[in-house]
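Spelled out, the chains give:
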Amino acid sequence: MIDIDDVKLLAFSHLAQDQGGFDAHRADFLSASSEFRDHHQTLIQQLHRDGGSGRDVVAMITLMTDRLIEALFNFSVADLPLTQACTLIALGGYGRSEMNPRSDIDLMFFCEHSDTPYILQLSERMLYLLWDLSFDVGHCVRNEKECLDIAEKDLTACTALLDSRFVCGDKALYKHYERVVLPTVMSRNSRSFVREKMAEHAKRIRKYGSSVYILEPNIKEGEGGLRDLHTTLWISKMKYKVHTLRGLVIKGVMSESEAKSFLDSLDYLWRIRNELHYLSSRKNDQLHFEQQEQIAEFLGYKSNKNALAVEQFMQDYYEQATRVEHFSSTLISRAANREREDTKFAGYLRRRMIEDGFYALRGELNVTHDEVIVDQPEMMMQAFWLSQRHQLKMTLHLKTLIRDNLHLINDRLRRSRKMSQVFLDILRYKRGVYETLSLMHHLLFLNHFIPEFKRIYCQVQHDAYHIYTVDTHTLFAVKEIVRLWQGAYEESKPLLTQVANEIEKPELLVLAVLMHDIGKGEGHQHCEKGALMIPTIARRLGLHKEDSQRLEFLVRHHLQMAHISQRRDLHDDQLIAQFATTMGMSENLKMLYLLTFADIKAVGPNVWSAWKGFLLQELYEKTYEVMEKGNFFKDQRSEKIRNRKRKVVKLLSDEYGSKTIKDCLRNFSTRYLMTYRSAQIIEHIRLILDRGDQPLSLRVVYNHELSYTEVTIVTLDFPGLFAKVAGVMAANGVNILAAQIFTQKNGIAVDILQVGRDGVIYDDDRKWKSIKEDLIWFLEERGQVDDLVQKRKNSILDLSHPVPTIPQRVDIDNEVSNEYTVIDITAMDRVGLLYEITNSLIRIGVYVGVSKITTKGDRAGDTFYVQDIFGHKIVQPEKIDELRDTLLKDLSEQS
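I will try to describe carefully the structure that is included in this document. Note that the coordinates shown come from a computational prediction; the quantities given were computed from them, not determined experimentally.

## Section: the overall build of the chain
No. 1: Scanning the chain from terminus to terminus reveals 41 helices and 16 strands.
No. 2: In the chain, which comprises 895 residues, the share counted as buried stands at 57%.
No. 3: The contacts in the chain between residues at least 6 apart in sequence include a share of 71% that link residues at least 24 apart.
No. 4: With an accessible surface of roughly 40100 Å², the chain has 49% of that area assigned to carbon and sulfur atoms.
No. 5: Side-chain charges of the chain comprise 117 positive and 125 negative groups, with the mean position of each set lying 5 Å from the other.

Encoded structure:
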């Protein structure tokens, strides 16, 4: 520990008293105070760097502050005529002796009369000195009556008084405050204080995140943070009329082990908060991405094959925050008198026996005696079943009993047919499934019953896309399935709702959702690793072979539908046929469709979009049709094209003449004619024929239901056309979701784009008029698209804070499509990214036929179906290497 040397500072009080007063020595005193502050802050920071505990560092900062405040007080009063007693009282975090490096100093000047010249001059002198020393100071000047009045009216002020302690000044006056004021404050209506404090707690959690597992948690105000511990102590102090944590132990409110847990939690959070404050240029309690990485390194975490150092640190943080949240809610429940005595005779008469060993009272489930759980630990599962079926909350006693006896769940118990059947029955019931599984998770029961689930408990994925920890995301995914069953999406997602209600074994679907990410606890390739765990889990649960195989299939393929729908050409018949073969049975397809929806929806509030839903449904419906009717696409292709041509000619002949329409149709590729229906082909032909001598034709259709706009551009084709289009769209702030690019045999390009972002539809006619003018400008070579894109980049004020970067990746595949080489590019998202990539492709000499663009938080995934100048796939190994190397080089230079 550090010796706080304040002898030099204390000497100034004698100088001020004997030689010239306060003003004569103020500058020298301020200089000495600055030197004292800087010297000791450096020593304390070194103590922290050398591994000092959170408790030790906080104690030393508090002691240094106390000594400095005392010196300031003595210097400020030295030449003042003493007209009344005054004592300086620390409030808030300073009053709790919880000073972190950038904490505020909250002070109360407590005196007999608060408005005398003596008090005003004293407080003014001290405050200006503290401000000159760069401290953030909160202060008040109060007498006894004012303290009692403000405590009655203001919850925050009342709370601050609960944390008050003596710093310096008149000790007798402080004794009076301690003897008269504090007991009076604490004797006021404790029930209303507890009620208001709990409401304040709930409001705070809503503001800072209603989950422990927020991506960038607030270590002070967030759930599972310091304020949870503070709130616990405030409520307990007021309820049980004690001033210290030790007092709660003496009164039997808190056990010795709970008190130790409380102090250990404070110590852990203080150490992190200390480092966070040292890393920040100003007061900051938000654990941003870049600071998470720095703190992980400071605490000694090392990356391994399963997880980054920062992911290990944040997993430990979330586990600790979960313990804090559970511990705090338990003690607050006690103090709020929620756990009532059920042994009283009147209470006994109101009991409703549920079954042997369990009863309900006042809407809560409890055990008749502890041995129900201790002697028969399989009854823990029965307790969850009863809670779900009878819609009863568990009493605090029952929850504590389960949590304290989790060690009794061994492998023999996990294989118990009775326990497994009850668990599957809980999953099968549909009502209350999410709430019951959440309670199992909260009480750590799920980790013990399914040990594989423990591997993803509080597990973090260090990116801006995955907002929740893996286990919380999993539970939210279960919630989405339940919402489908409840009819919450009946109007907005009728097909998903219908499919959800057609599932033969709902418990298997919930189990698949619960298991889909368990492989993430083992590092990369989590789908395969998770699937390999399923046979063991299925045997323990007593699943039949068919159910076990289906569960394994769903875990192994749970990313496939999202990937294909968002990054592959859904007009490719071969692709659909291959996917249908992979699915094997329609029940597999149905379950995977539902699992994919729930998985995407549970990633975060804005991840699912109507566009993603449209693509997913298109893949499902096309695959389902192939599985139900068989793959007759090849046999039907010719007939389908003939019928479409006949219909188009019939409907447009009067307008343009049948020969003109037939000539136009002959110029289209088979792929185009298979992709679009007659009504769409008709609109495209109108654009082609009505263009005349104009540089281009443009048609914009707003799809408000699916929140995207379809843009069709018709013009003469030339190398780099799509790159120019992408650049103009980027420069106008339009996000391209997908593009289908066709060139007629006579050189007319038909580019069809779907554009939108996060449910925002571009439906401003003036905007599209401006975009058309820009397109014509650049098609006529009157300017450089580069300049327009750069202007857009420069105009955007980047207010975001750094997020974890991802390695850029280029994958090239010649197996996905018969006609095209498929390029998958992953990179950090930015303005003009698609324009940069398409420019690179043109320079290499490849041409885009289909493009699909997805965004996951800060990550862009762009897919391109490309051919060479002769319309062939790129198959030469050296050309593929050149393609990959050039793209990676260009992406790196422009990032």
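We are not done yet, so read on.
## A word on the sheet that holds strand S4 (residues 165-169)
No. 1: Strand order across the open sheet formed by four strands is S3-S2-S1-S4, with mixed pairing between neighbours. Edge positions in the sheet fall to strand S3 (137-142) and S4, since each has one partner strand and no second. Taking the axes of each pair of neighbouring strands and ignoring which way they run, one obtains an average angle of 25 degrees across the sheet.
No. 2: The pairing of strand S1 (residues 86-91) with strand S2 (residues 105-111) spans six bridges and is antiparallel. What sits directly across from Thr 87, in S2, is Phe 110.
No. 3: Each of S1, S2 and S4 touches helix H3 (residues 54-77); the most contacted strand, S4, lies at about 35 degrees to it.

## So, the pattern of salt bridges
A pair can form between side chains of opposite charge whenever their charged atoms are brought close.
No. 1: For the structure on display, the rule yields 51 salt bridges.
No. 2: Among the charged side chains, a salt-bridge network with shared partners connects Arg 96, Glu 98, Asp 163 and Lys 237.

## Considering the nonpolar core
No. 1: Ranked by internal contacts, the top residues of the largest apolar core, which has 151 residues, are Tyr 317, Phe 423, Leu 437, Phe 445 and Leu 514.
No. 2: If one sorts the elements of this core by residue count, helix H14 (residues 309-335) sits on top with 12 residues.
No. 3: Leave out the neighbours within four places in its chain, and Tyr 317 touches Pro 217, Asn 218, Ile 219, Tyr 268, Leu 269, Ile 272 and Leu 287.

## Thoughts on the environment of Glu 325
No. 1: Within the secondary structure layout, Glu 325 lies in helix H14.
No. 2: Take Glu 325: its relative accessible area is 15%, and that puts it in the buried class.
No. 3: For the pair formed by Glu 325 and Asp 228, sequence separation is 97 residues and the distance between their alpha carbons is 6.8 Å.

## Quick notes on unusual backbone geometry
No. 1: The backbone of Lys 430 shows a phi angle near 75 degrees, a positive value even though the residue is not glycine.
No. 2: Along the chain, Lys 430 turns up in the loop between helix H20 (417-428) and helix H21 (433-442).
No. 3: Of the residues examined, Lys 430 reaches a relative accessible area of 27% and is grouped as partly exposed.
No. 4: At Gln 525, a position not held by glycine, the phi torsion is positive, near 55 degrees.
No. 5: Of note, Gln 525 is situated in the loop between helix H26 (506-515) and helix H27 (526-541).

## Details of the packing of helix H31 (residues 586-601) against helix H32 (residues 610-629)
No. 1: In contact at an axis separation of 10 Å, H31 and H32 are set at 175 degrees when each is read in the N-to-C sense. Relative to H32, H31 is oriented roughly antiparallel. Note on element contacts: H32 touches H31 through Leu 616, Gln 617, Tyr 620, Thr 623, Tyr 624, Met 627 and Glu 628, opposite Ser 586, Leu 589, Lys 590, Tyr 593, Thr 596 and Phe 597.
No. 2: Broken down by class, the residue content of the contact of H31 with H32 amounts to seven nonpolar, four polar and two charged.

## What about the packing of aromatic side chains?
No. 1: Using the criterion set out here, one finds 26 aromatic pairs in the structure.
No. 2: Between Tyr 174 and Tyr 177, the ring centres sit 5.7 Å apart and the planes meet at 35 degrees, which makes this aromatic pair tilted. Here Tyr 174 and its partner Tyr 177 are both found in helix H8 (residues 171-187), three residues apart, which amounts to about one turn of the helix.
No. 3: When its relative accessible area of 9% is taken as the criterion, Tyr 174 is described as buried.
No. 4: Overall, the relative accessible area of 0% leaves Tyr 177 in the buried class.
No. 5: On the numbers, 3.9 Å between centres and 10 degrees between planes, the contact of Phe 668 with Tyr 672 is stacked. In this pair, the class of Phe 668 matches that of Tyr 672, namely buried.
No. 6: Taken together, the aromatic side chains of Phe 110, Phe 166, Tyr 174 and Tyr 177 make up a single cluster linked through ring pairs.

## Some words on the state of the cysteines
No. 1: Per the counting criterion, the structure on display carries zero disulfides.
No. 2: Here Cys 140 is not disulfide-linked; the sulfur of Cys 147 is the nearest cysteine sulfur, at 6.9 Å.
No. 3: Judged by its relative accessible area of 13%, Cys 140 falls in the buried class.

## Describing the side chain of Thr 596
No. 1: Relative to the assigned elements, Thr 596 resides in helix H31.
No. 2: Taking the relative accessible area as the measure of exposure, Thr 596 reaches 1% and is therefore buried.
No. 3: Polar contacts involving the side chain of Thr 596 include one to the main-chain carbonyl oxygen of Leu 592, which spans 2.6 Å.
No. 4: If sequence neighbours within four positions are ignored, Thr 596 has contacts with His 558, Met 561, Ala 562 and Leu 616.

## With respect to H31
No. 1: Here H31 contains 16 residues, and its C-alpha end-to-end distance of 23 Å stays within 8% of the 22 Å for a straight helix at 1.5 Å per residue.
No. 2: Along H31, 14 of the 16 residues are buried, which leaves the element largely enclosed by surrounding structure.

## Concerning the packing of helix H24 (residues 470-485) against H26
No. 1: The N-to-C vectors of H24 and H26 enclose an angle of 150 degrees; their axes lie 8 Å apart at closest approach. When the axes of H24 and H26 are compared, the pair comes out roughly antiparallel. Crossing geometry of H24 relative to H26 is assigned as right-handed. Contacts between H24 and H26 involve Thr 474, Leu 475, Ala 477, Val 478, Ile 481 and Trp 485 from the former and Pro 506, Leu 509, Val 510, Val 513 and Leu 514 from the latter.

Reading guide: rules and limits
Residues numbered from 1 in each chain as written. Predicted model: local features only at pLDDT ≥ 70, side-chain atom pairs only at ≥ 80, totals over all residues. Heavy atoms only, no water. Helix = DSSP H or I, 4+ residues; strand = E, 2+ residues; numbered from the N terminus. Buried < 20%, exposed > 50% of the residue type's maximum accessible area, 1.4 Å probe, protein only. Contact = heavy atoms within 4.5 Å. Areas by Shrake-Rupley, 256 points an atom, 1.4 Å probe, with all protein chains shown as cover. Lys, Arg positive; Asp, Glu negative; His and termini not counted. Charge placed at Lys NZ, Arg CZ, Asp CG, Glu CD. Pairing = 2+ DSSP bridges. Axes fitted to C-alpha atoms, helices over the stretch in contact; angles between N-to-C directions. Salt bridge = Lys/Arg side-chain N within 4 Å of Asp/Glu carboxyl O. Core = buried A, V, L, I, M, F, W, Y, C linked by side-chain atoms within 4.5 Å. Parallel < 35°, antiparallel > 145°, perpendicular 65-115°, else oblique. Nonpolar A, V, L, I, M, F, W, Y, C, P; charged D, E, K, R; others polar. Phe/Tyr/Trp six-rings, centres within 6.5 Å; stacked < 30°, edge-to-face > 60°. Disulfide = S-S within 2.5 Å. Polar contact = N/O pair within 3.5 Å; in protein donor to acceptor, adjacent residues only side chain to side chain. Expected span 1.5 Å × (residues − 1). Left-handed = near helix turned anticlockwise from the far one by under 90°.

All quantities given are derived from atomic positions and should not be read as evidence of function.
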